[in-house]
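The lines below spell out each chain.
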Amino acid sequence: MARILVTGSADGLGQLVAGELISKGHEVVLHARNAKRGDDAIGALPKAAGVLIGDLASIAETRDVARQANESGRFDVVVHNAAVGYQEPRIETVDGLEHVFAINALAPYLLTALIDRPERLVYLSSGMHEGGDVVLDDLQWVRRRWSGSRAYSDSKLHDVILAFAVARLWPGVLSNAVDPGWVATKMGGRGAPGDLGQAHLTQVWLATAPTTPSGGYYYHLRPHATHPAASDPEVQDAFLAVCGSLTGVPFPG
């Protein structure tokens, strides 16, 4: 059985993914942004192996989550699930960064760079990534007029770019991205039309199946088309470079 970290697993899809993995006998460590949420996470999934605490809106706290992860022992799989949604106002983090980008894209980059390299990485994206843009000179939405849905779409495109970059640069790691569908979680809203019962199964499959591909994007267990920019090595390298500059942590070769 695998040892697996699922970020953002106090509720929603992350909790569904973690619960399914636990039910299959895997050793699952949860993550929550603060201690109260951590207690709630363990309360919901008492068979979890533990919970890491840290707000992924903060570079310092994200670095500390990576420290906690490494000190707890090597993970076989990391599922990057934590995110905020598409109806957010523009908020600056403690680091002066736009928070949708900071949580949805920069935090997965930093955790990927700092957590001891696992065998598999799964990044949660969205079908909305196809409407995203690569605007690396205005990631903080200073020049552009704010749009929560566009910022979310951009961040989910960043996640696919990151997943594909890792697959290319770390051939020994299986790295993939997932569209779970628009489903009725707290983030997706009660009126979301997707099948919540299917939304977590692709992540579980990519985390645990005996053989899986790498460098793919999946919707309900099947490959799906992506934004063309995600597969461009120059775009990938430029995105990694920007994230490395913002965090002070270059992407490991």
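Whatever comes next refers back to the structure up there.
Here the structure is a predicted model, which is why all the values come from computation and not from measurement.

A. Summary view of the packing of helix 5 (residues 148-169) against helix 7 (residues 233-247). As a packed pair, helix 5 and helix 7 sit with axes 9 Å apart at the nearest point and diverge in direction by 105 degrees. Regarding the angle of helix 5 to helix 7, the classification is roughly perpendicular. In contact with H158, I161, L162, F164, A165, R168 and L169 of helix 5, helix 7 contributes P233, V235, Q236, D237, F239 and L240. Grouping the constituent residues of the contact of helix 5 with helix 7 by class yields nine nonpolar, two polar and two charged.

B. Representation of the pairing of strand 2 (residues 27-32) in the model. With respect to burial, strand 2 is a largely interior element, five of its six residues being buried. When strand 1 (residues 3-6) meets strand 2, the two strands line up parallel, connected through three bridges. The residue of strand 2 that forms the bridge with R3 is E27. In the classification by handedness, the crossover that spans strand 1, the intervening helix 1 (residues 12-23) and the parallel strand 2 is right-handed. Relative to strand 3 (residues 50-53), strand 2 runs parallel, the two being bridged by four bridges. Looking at the pairing, V29 lines up with G50 of strand 3.

C. Fine view of the nonpolar core. Counting residues in each nonpolar core, the largest one holds 45 residues, and the members touching the most others are L5 and F239. Only helix 3 (59-72), helix 4 (99-114), strand 5 (120-124), helix 5 and helix 7 provide two or more residues apiece to this core. It is helix 4 that contributes the most residues to this core, nine residues altogether. Leave out the neighbours within four places in its chain, and L5 touches V29, L30, H31, L52, A69, F75, V77, V78, V79 and I115. Core analysis: the next-biggest nonpolar cluster, separate from the first, contains 25 residues, A18, A32, L124 and V178 among them.

D. Structural context of the pattern of salt bridges. Taken as a whole and assessed by the stated rule, the structure comprises 13 salt bridges. Where K36 meets D40, a salt bridge forms, and the shortest distance between an N and an O atom there is 3.3 Å. With K36 and D40 both in helix 2 (residues 35-44) and four residues apart, the pair spans about one turn of that helix. Residue R168 pairs with D237 through a salt bridge whose shortest N-O separation is 2.6 Å. Here R168 is found in helix 5, whereas its partner D237 is found in helix 7, with 69 residues between them in sequence.

E. Here's a closer look at the packing of aromatic side chains. Evaluated as defined, the whole model comprises five aromatic pairs. A centroid spacing of 4.9 Å and a plane angle of 25 degrees characterise the contact between W170 and F251, whose relative ring orientation is stacked. Of this pair, W170 sits in the loop between helix 5 and strand 6 (174-179) while F251 sits in the segment after helix 7, and the two are 81 residues apart along the sequence. The pair formed by W170 and F251 is uniform in burial state, with each residue classed as buried. Considering the side-chain rings of W205 and Y218, the 5.4 Å spacing of their centres and the 80 degrees angle between planes classify their relative orientation as edge-to-face. Here Y218 lies in strand 7 (residues 217-219) and W205 lies in helix 6 (residues 201-208), a separation of 13 residues in the sequence. Given the relative accessible area of 7%, Y218 is considered buried. Aromatic rings pair up to connect Y109, W170 and F251 into one cluster. Geometry around F75 places R3 over its ring, the cationic atom sitting 4.2 Å from the centre. The lysine or arginine in question, R144, covers the ring of W141, its NZ or CZ lying 3.6 Å from the ring centre.

F. A look at the environment of L201. Relative to the assigned elements, L201 resides in helix 6. When the C-alpha atoms of L201 and R63 are compared, they prove to be 29 Å apart, with 138 residues separating the residues in sequence. Filtering out sequence-adjacent residues up to four positions away, L201 remains in contact with E20 and L221.

G. Fine view of the sheet that holds strand 8 (residues 222-223). Pairing within the open sheet is mixed, and its eight strands lie in the order 3-2-1-4-5-6-7-8. Looking along the sheet, the strands with just one partner apiece sit at the ends: strand 3 and strand 8. Across four bridges, the pairing between strand 4 (residues 77-80) and strand 5 is parallel. Paired with V79 across the strands is V122, a residue of strand 5. Lying on the sheet, helix 1 is in contact with strand 1, strand 2 and strand 5; it crosses strand 1 at an angle near 170 degrees. Most of the contacts of helix 5 go to strand 5, to which it runs at about 165 degrees, and overall it touches strand 5, strand 6 and strand 7.

Reading the values: the criteria
Sequence positions are assigned chain by chain, starting from 1 and proceeding in written order. Only residues with pLDDT of at least 70 get local features here, since the model is predicted, and only at 80 or more are side-chain atom pairs given and counted; chain-wide, interface and lining totals rely on the full set of residues. Note that the side-chain values use all heavy atoms of the structure and ignore hydrogens as well as water. Here the axes come from fitting lines to C-alpha atoms, over the contacting stretch only for helices, and the angles between their N-to-C directions go from 0 to 180 degrees. Only DSSP runs of H or I reaching four residues or more are called helices, and only runs of E reaching two or more are called strands; each is numbered from the N terminus. We call two directions roughly parallel when the angle between them is under 35 degrees, roughly antiparallel when it is over 145, roughly perpendicular when it lies between 65 and 115, and oblique otherwise. By definition, residues are in contact when any of their heavy atoms lie within 4.5 Å. Under the scheme applied, nonpolar residues are Ala, Val, Leu, Ile, Met, Phe, Trp, Tyr, Cys and Pro; charged residues are Asp, Glu, Lys and Arg; polar residues are all the others, including Gly. When accessible area is computed with a 1.4 Å probe and restricted to protein chains, residues below 20% of their type maximum are described as buried, those above 50% as exposed, and intermediate ones as partly exposed. At least two DSSP bridges between two strands are needed for those strands to be called paired. When the strands point away from the viewer and the connection leading from the first strand across the helix to the second strand turns clockwise, the crossover is called right-handed. Throughout, nonpolar core names a set of buried Ala, Val, Leu, Ile, Met, Phe, Trp, Tyr and Cys residues whose side chains join them through atoms within 4.5 Å. Throughout this description, the term salt bridge denotes a Lys or Arg side-chain nitrogen within 4 Å of a carboxyl oxygen of Asp or Glu. For Phe, Tyr and Trp, rings pair up if their centres lie within 6.5 Å, where Trp contributes its six-membered ring, and each pair is then called stacked (planes under 30 degrees apart), edge-to-face (over 60) or tilted (otherwise). Consider the ring centre and the ring normal. A charge sits over the ring if Lys NZ or Arg CZ is within 6 Å of that centre and within 35 degrees of that normal.

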